[in-house]
Amino acid sequence: MKISIRSLAPLPTLLAGPLLAQELWTDPADAGLPADFTIQGEYAGEVAKKGGQAAEKLGAQVIALGAGRFQAVLHPGGLPGAGWDGKNKSLLDGRLDGKTARFEAAAGKRKYLAQSADEFSATESFPPAGQQAAKGSIAKGRFTGTLADGRAFTLERTVRKSPTLGAEPPAGAIVLFDGAEGAMKNWSGGRFDEKTGLLNTDGKDIRTSDKFLDYTMHIEFLLPYKPGARGQGRGNSGFYHVDLYEMQILDSFGLAGMDNECGGIYKTKRPAVNMCLPPLQWQTYDVEFTSAKMGANGEKTANAILTAKHNGVMIHDGLVHREVWDGQLAALAAQHRLVRYDRRGYGRSPQPEGRYSNLDDLQRLLEHLDIEQAVLVGMSSGGRLAVNFAIA
């Protein structure tokens, strides 16, 4: 079954801290948007050649922090989902100076998502892996600067669009919302905005009138611009699958990509890459979901499976809930010593703080349990960890 939602605008009802009403914007054409808005966003380009070095691609995500402050996240190789090496980042602090934003390497004591721009870090640990003491400036849509080794970079502002944005529903699809008020019959809750033609959640739960178990879903959403807010205060919402699995909808642009951030399955799995676009840019989720199956005796015979793309990039590939292992554990326990291991930030393990290594964690666990020889079994990124550990 194919389902399509064309336009959804999650808007928060609670404002964090002493924010004023005018510090929330929902229309990219609003003449009242501050100058900060023209600076924040994505930039892509190259680092110039130096000596025998070849030119390298570089991407930057500039996060607005309010009151003319920014943090730029440099991505070697290109933007997330478009060449970034998946590991290294450099953080730069920025200040608006007239119509130009000037940046220098972030320094000092930092905390992930700190309210103060002087302490804010867009990475879980600071400094992040690959941090370079870069500096630069943004003016008229161009980000220019130099890296610590003296190489210059020039990046142009870019507005990426999902390849499925505005796609026509396939034949036989159920269109839950198409920008017309008549589509509200498909929903319990929500508000139709006659001026914009959008379905607004207004920070409250809305549900489809019909129930769906196995489906392919396309959803388009827009997140507000709240530069002074942090974390869950930036347009927090979620896309629930059968009321059990929540895929986060949140302005997590430029951040680490946690399980409680955009694209994450809450308390279950981080996205493979944080593909959240800047606020006030339309985004898409394309999800294939298969519900868990129950036998005649009421026992589960198959686990739920979820595959998801965020703005056209795979972020969950055949994800299953940790309970997928329950049957195997019960069958093997009689003949084997079993250790069920949730990596940091997954399953029942808490979110990580500071730097860590999955390989080192696993090594220490085996040593602590006096396990000298083991068969490692994993799925998806857990399977990759098992292979990497075996050949390390």
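From a predicted model like this one, the values you see are computed outputs, not experimental measurements.

## What to know about the overall build of the protein
Point 1. What the protein contains, in helices and strands, is four helices and 24 strands.
Point 2. Every one of the 392 residues in the protein was classed for burial, and the buried ones make up 45%.
Point 3. Relative to all contacts within the protein whose residues are 6 or more apart in sequence, the contacts with residues 24 or more apart total 57%.
Point 4. Here the protein has roughly 19900 Å² of accessible surface; of this, 51% comes from carbon and sulfur atoms.

## Here we look at the state of the cysteines
Point 1. This model, assessed by the stated rule, comprises zero disulfides.
Point 2. There is no disulfide at Cys 276, and the cysteine sulfur nearest it, in Cys 262, is 4.0 Å away.

## A short note on the pairing of strand β9 (residues 135-139)
Point 1. Pairing between strand β6 (residues 100-105) and β9: four bridges, direction antiparallel. Directly across from Ala 101, in β9, lies its bridge partner Ile 138.
Point 2. With five bridges joining them, β9 and strand β10 (residues 142-146) adopt antiparallel strand pairing. Bridge pairing links Ala 139 to Arg 142 in β10.
Point 3. Linking β9 to β10, which pair antiparallel, is a turn of two residues; within it Lys 140 sits at a positive phi near 55 degrees.

## Regarding the sheet that holds strand β5 (residues 90-97)
Point 1. Taken together, the eight strands give a closed barrel; going around it, the order is β2-β3-β4-β5-β6-β9-β10-β11, and neighbouring strands pair in antiparallel fashion. When the angles between neighbouring strand axes are averaged without regard to direction, this sheet yields 25 degrees.
Point 2. Note: strand β2 (residues 41-47) against strand β3 (residues 56-66), seven bridges, orientation antiparallel. Directly across from Glu 42, in β3, lies its bridge partner Gln 61.

## What to know about the confidence of the model for the protein
Point 1. For the protein, the mean per-residue pLDDT works out to 87, and 88% of the residues sit at or above 70.
Point 2. Under a pLDDT of 50 for its full length, residues 11-22 has, in the predicted model, 19 contacts with residues more than four places off or in other chains.

## A closer look at helix α3 (residues 358-368)
Point 1. Those residues of α3 that fall on the buried side of the exposure criterion are Asp 361, Leu 362 and Leu 366. In a view along the axis of α3, the buried residues occupy a sector of 130 degrees, so they form one face of it.
Point 2. Immediately beyond the C-terminal end of α3, within one or two residues, lies Asp 370, with a positive phi of roughly 55 degrees.

Calculation rules
- Residues numbered from 1 in each chain as written.
- Predicted model: local features only at pLDDT ≥ 70, side-chain atom pairs only at ≥ 80, totals over all residues.
- Heavy atoms only, no water.
- Helix = DSSP H or I, 4+ residues; strand = E, 2+ residues; numbered from the N terminus.
- Buried < 20%, exposed > 50% of the residue type's maximum accessible area, 1.4 Å probe, protein only.
- Contact = heavy atoms within 4.5 Å.
- Areas by Shrake-Rupley, 256 points an atom, 1.4 Å probe, with all protein chains shown as cover.
- Disulfide = S-S within 2.5 Å.
- Pairing = 2+ DSSP bridges.
- Axes fitted to C-alpha atoms, helices over the stretch in contact; angles between N-to-C directions.
- pLDDT = per-residue confidence, 0-100.
- Arc of directions from axis to C-beta.

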